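Architecture at a glance
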Amino acid sequence: MAEAKTKPTKQNVKDFISKLPDEQSRADCTVITKLMEDATKQKGVMWGTSIAGFGATTIKYAGGKEADWPLIAFSPRKQSLTFYISASDPGKADLLAKLGKHKVSGSCLHIKRLSDIDLPTLKQLINASVKRKKR
């Protein structure tokens, strides 16, 4: 298996969130953590310095190499909250249409803040990602 650049760390997800400089970002990330823990039935693990991952899977790159990666994850980036939830999956198009203000790049979903989107729809997207990846 290929050596992944981003690996699980010993940093606690709640500690990571508590150190975010923006109060709204801390509140949003606390809600997202709960949604992802509920979906995976697992506590979060920090991957690298800024990705909170839940569950684990093996991903396969186009060249055939494999690496460990979270089943689902999020990261509070400077420009947006980034969700690693296979957002480009064609089966999610209907949910994305109902989500609200967002962008998709690759398999990532980007939103500015939770108040910009429909939270029950986000929950459905997260749950759909977990179900699809566990197959």
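It should be noted that the structure appears before, not after, this text.
One structure accompanies this document, and this report is about it.

The rules behind the values
- Residues numbered from 1 in each chain as written.
- Predicted model: local features only at pLDDT ≥ 70, side-chain atom pairs only at ≥ 80, totals over all residues.
- Heavy atoms only, no water.
- Salt bridge = Lys/Arg side-chain N within 4 Å of Asp/Glu carboxyl O.
- Helix = DSSP H or I, 4+ residues; strand = E, 2+ residues; numbered from the N terminus.
- Buried < 20%, exposed > 50% of the residue type's maximum accessible area, 1.4 Å probe, protein only.
- Phe/Tyr/Trp six-rings, centres within 6.5 Å; stacked < 30°, edge-to-face > 60°.

All chains considered together, the criterion is met by three salt bridges. Among the ionic pairs, aspartate 38 bridges to lysine 34, the shortest N-O distance being 2.9 Å. Of the two residues, aspartate 38 and lysine 34 both sit in helix α2 (residues 23-40), four residues apart, roughly one turn of that helix. Exposure remark for aspartate 38: the relative accessible area of 35% places this residue in the partly exposed category.

Turning our attention to the packing of aromatic side chains. Under the counting rule described, the total for this entry stands at three aromatic pairs. Summarising the aromatic geometry, the rings of phenylalanine 54 and phenylalanine 74 are spaced 6.2 Å apart at their centres and angled 15° between planes, so their arrangement reads as stacked. Here phenylalanine 54, found in strand β2 (residues 51-54), pairs with phenylalanine 74, found in strand β5 (residues 72-76); they are 20 residues apart in sequence, far enough to count as distant. Residue phenylalanine 54 shares its accessibility class with phenylalanine 74, and that shared class is buried. A centroid spacing of 5.9 Å and a plane angle of 75° characterise the contact between tryptophan 69 and tyrosine 84, whose relative ring orientation is edge-to-face. Taken together, the residues tryptophan 69 in strand β4 (residues 66-69) and tyrosine 84 in strand β6 (residues 81-84) connect sequence positions 15 residues apart. Residues tryptophan 69 and tyrosine 84 agree in their burial class; the two are buried.

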